[in-house]
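A look at the structure
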Amino acid sequence: MTTAPWRDPALPAAARVDDLLSRMTLEEKTAQLYGVWVGAATDGDGVAPLQNQMTADYDWDELITHGLGQLTRPFGTAPVDPALGARALALAQRRITEAGRFGIPALAHEECLAGFTAWRATAYPVPLAWGATFDPGLVEEMARHIGRDLRSVGVHQGLAPVLDVVRDARWGRVEETIGEDPYLVGTIGAAYVRGLESAGIVATLKHFAGYASSAGARNLAPVRAGVREVADVTLPPFEMALREGGARSVMAAYTETDGVPASADPTLLTGLLREEWGFTGTVVADYFGIGFLESLHRVAGTPAEAAHLALAAGIDVELPTLKCYGKPLLEAVRAGRVPEELIDLAARRVLLQKCELGLLDEDWTPVPPEDTAPVDLDSPANRALARRLAEESVVLLDNPDGLLPLAPDTRIAVVGPRAADALAMLGCYSFPSHVLPHHPEVPTGIDIPTVLDALRAELPDAKVTFAEGCDTSDPDTSGFEEAVARAAEADVCVAVLGDRAGLFGRGTSGEGCDASDLRLPGVQGALLDALVATGVPVVLVLLTGRPYALGRWHGRLGAVVQAFFPGEEGGPAVAGVLSGRVTPSGRLPVSVPNLPGGQPWTYLQPPLGLAGEVSNLDPTPLYAFGHGRSYTTFAWEDFTGGEETGTEVGTEIATDGSYDVSLTVRNTGDRPGAEVVQLYLHDPVASVTRPDLRLVGYRRVELAPGEAARVTFRFHADLASFTDRTGRRIVEPGVLELRLAASSADVRHTARLALTGPVRTPGPDRRLMCATEVSAAA
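Residues numbered from 1 in each chain as written. Predicted model: local features only at pLDDT ≥ 70, side-chain atom pairs only at ≥ 80, totals over all residues. Heavy atoms only, no water.

**Considering the sheet that holds strand 9 (residues 282-285)**
A sheet is described by the order of its strands in space; here seven strands give the open sequence 1-2-3-4-5-6-9, paired in parallel fashion. A strand with exactly one partner marks an edge of an open sheet, and here the two such strands are strand 1 (35-36) and strand 9. Contacting strand 4 (157-159) and strand 5 (202-208), helix 8 (residues 182-198) crosses the sheet at an angle of about 145° to strand 5. (Pairing = 2+ DSSP bridges. Helix = DSSP H or I, 4+ residues; strand = E, 2+ residues; numbered from the N terminus. Contact = heavy atoms within 4.5 Å. Axes fitted to C-alpha atoms, helices over the stretch in contact; angles between N-to-C directions.)

Structure below.
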């Protein structure tokens, strides 16, 4: 029997796909450009924007005769036992391959923002907590585990990571982001991509581009960001994740910038992404995003016009449905209103990806390779990794009098609506928060210790009492009296407050759960006031998806601990910090504001964005980006990089040169701990206004008591590049300062450089990351 060239794995993928395309009908090519969402609800509350209005009707048996591009969320739509789900997915794939002429399977995708969004799968900390670790290696390891779990049940593509940079903390999806700094977002995001892709899963970068810059912090609102803000803040994490991570897919954002929706923007999706950056993978629509060109953006009059706009812009795949790329697109091509060449271009990219995944090989089987083994999506190894991430992400904001760690035999009143609720640990894209609210009869499926239970286990000799006090968002204060009574009887009160994750207004944090200001939700602030008024020392523990303004209690609390939805092992991680078993090492990936107004604000401010005499509003945060305290102490010694004999303005290097700065970090305390050394760039004079300070490097260093390590940053001038008035990226000559710091507000050492030579335009291979090296020190 002769094998068709497209089936021959010995041939180049491009030759195989060209041969296959030449054999396919228009219907078969178009079928590769859409997905179906089996089991998606068409009424009531959904898990995607306007889901009940946008889901299209189709006949499954008729549809698959032409093939199928994607299967949407076979595990993430309803509770399904993982082993049964894997078999059901394999059966669906067998039906698809048997129904079509070419036997091409669908590509199955799932959400994996904070772990595989499936029943009984590990719920890891949310991305904001990844940012708090400042530990790309650990995030990469987590993503590898997530990828292996996805692959074990037959999934090919993961819709993560989110690379939006926080611009306004009131936005509901802050919990899904990695932080407010593009370098931190890019480096952590690229690490996640490397881990997912190393497991054979197609990583999908979200949301391209500008989604987090929505006006008024409203979900899916217009973006009013300038060209340079987009170029220098919004886009770098995506470029990093493509070049340094190797992502093979990008998701177009819902939003519009300056009147142009991202899903209909060829300058963004083709000109920048493909032609300038050289991206060769697939671009997928955010759920119903192509249909929104008609219904929400009103730049198209029909589904066919929306399909034409999206295809011409560069979107290859409509997710999660076929409302536009199905029958409307097919009819428009046949009528001559849409060129068939656009179909061919998108289908070729889709089929190339399927070829890379082995889905065009003759020996492909729908049965996952691990089918003979039990399916365990929450293995002990996963849980241990979730614990490490949670422990590294907890940030000790303040501990002025050393109240923490707690004494092992003390009387503790645990108070607050987040203390005894397992869901307090989870973000909105965890399966229990995302899907199970629609299935209240189904158990959570994973063990999630609460802070209360974990603290009792952590301190068995302590006398621990509990009172809820109030709800996260309900105005009822009737529980205050009992809470205050419990606190008054104790030696210390641990107030566990924060958010409840949800979707579209059904929570205080999450997609569509945007905040009008940064006060603690509901009456939790009043509860905290009442607890502080007892005179008993109060330890505030925050389990949130965003930072909240804490200036009202500054100087009145015994300690403040911040955890950003730390996942299924978050309770023991927080309890470990309170008890002292864990030395806190998290650092803030977002600033914590002093006052609840004055937003939007992040630390990336030019001079006019900082506090000054021309306004009575002081936006200076209470706790700065990068801040975090420890139970041990560190000395920063032997700095080199600032004492060289150069010109009066600093050591001279060329605009394409590099320069090393080093210091020794020593653990001078009596317990092991981790220090995060941060490198910031200050540009005193530039041709356009620049942030007063911005992160260009960092290194987390773990040290035993008395141990020291030498940390070296290899700064390259490319890291000083920015977008000039013409939209061109440049490195310009002039004076720079490299500042080694423990946070954006705690600078320890400064090196002055003078960049010399002509203005330089760095090419597409410019340095995106600052190389670091850690070596032993005496």
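Read on for the rest.
**As for the state of the cysteines**
For the structure shown, the criterion picks out zero disulfides. We note that Cys428 lacks a disulfide partner, and the nearest cysteine sulfur, in Cys513, lies 7.2 Å from it. By relative accessible area, Cys428 is classed as buried at 0%. Left unpaired, Cys493 is separated from the closest cysteine sulfur, that of Cys470, by 12 Å. On the basis of relative accessibility, which here comes to 0%, the residue Cys493 falls in the buried class. (Disulfide = S-S within 2.5 Å. Buried < 20%, exposed > 50% of the residue type's maximum accessible area, 1.4 Å probe, protein only.)

**Looking at the sheet that holds strand 12 (residues 463-467)**
One open sheet holds the six strands; their spatial order is 10-15-14-13-11-12, and the pairing between them is mixed. Whereas interior strands pair on both sides, the edge strands pair on one side only; in this sheet they are strand 10 (395-398) and strand 12. If you compare each strand with its neighbour and ignore which way they point, the axes differ by 20° on average. Examined bridge by bridge, strand 10 and strand 15 (residues 559-564) share three bridges and lie antiparallel to one another. If you follow Leu396 over to strand 15, its bridge partner there is Val561. Lying over the sheet, helix 18 (residues 451-458) contacts strand 11 (411-415), strand 12, strand 13 (492-498) and strand 14 (538-544), oriented at roughly 170° with respect to strand 12. Of the strands in this sheet, strand 11, strand 12 and strand 13 touch helix 19 (residues 480-488), which is tilted by about 165° from strand 12.

**Examining the packing of aromatic side chains**
Geometry of an aromatic ring pair is reported as the spacing of the ring centres plus the angle between the planes. As enumerated under the stated definition, the model contains 16 aromatic pairs in all. Between Trp37 and Tyr287 the ring centres are 5.2 Å apart and the planes differ by 65°, which places this aromatic pair in the edge-to-face class. Of this pair, Trp37 sits in the loop between strand 1 and helix 3 (51-54) while Tyr287 sits in the loop between strand 9 and helix 12 (292-295); the two residues are 250 residues apart in sequence, bridging distant segments of the chain. Residue Trp37 shares its accessibility class with Tyr287, and that shared class is buried. Between the aromatic rings of Tyr603 and Phe625, the centroid separation amounts to 4.7 Å while the plane-to-plane angle is 5°, which identifies the pairing as stacked. Of this pair, Tyr603 sits in the loop between helix 21 (570-579) and strand 16 (634-640) while Phe625 sits in the loop between helix 21 and strand 16, and the two are 22 residues apart along the sequence. In this structure, Tyr603 and Phe625 share a single accessibility class: buried. One aromatic cluster in this structure is built from Phe134, Tyr183, Tyr603, Phe625, Tyr680 and Tyr698. Sitting above the plane of the Trp119 ring, Arg120 keeps its charged end 5.6 Å from the centroid. Residue placement shows Lys206 over the ring face of Tyr429; its charged tip is 5.5 Å from the ring centre. (Phe/Tyr/Trp six-rings, centres within 6.5 Å; stacked < 30°, edge-to-face > 60°. Lys NZ or Arg CZ within 6 Å of the ring centre and 35° of its normal.)

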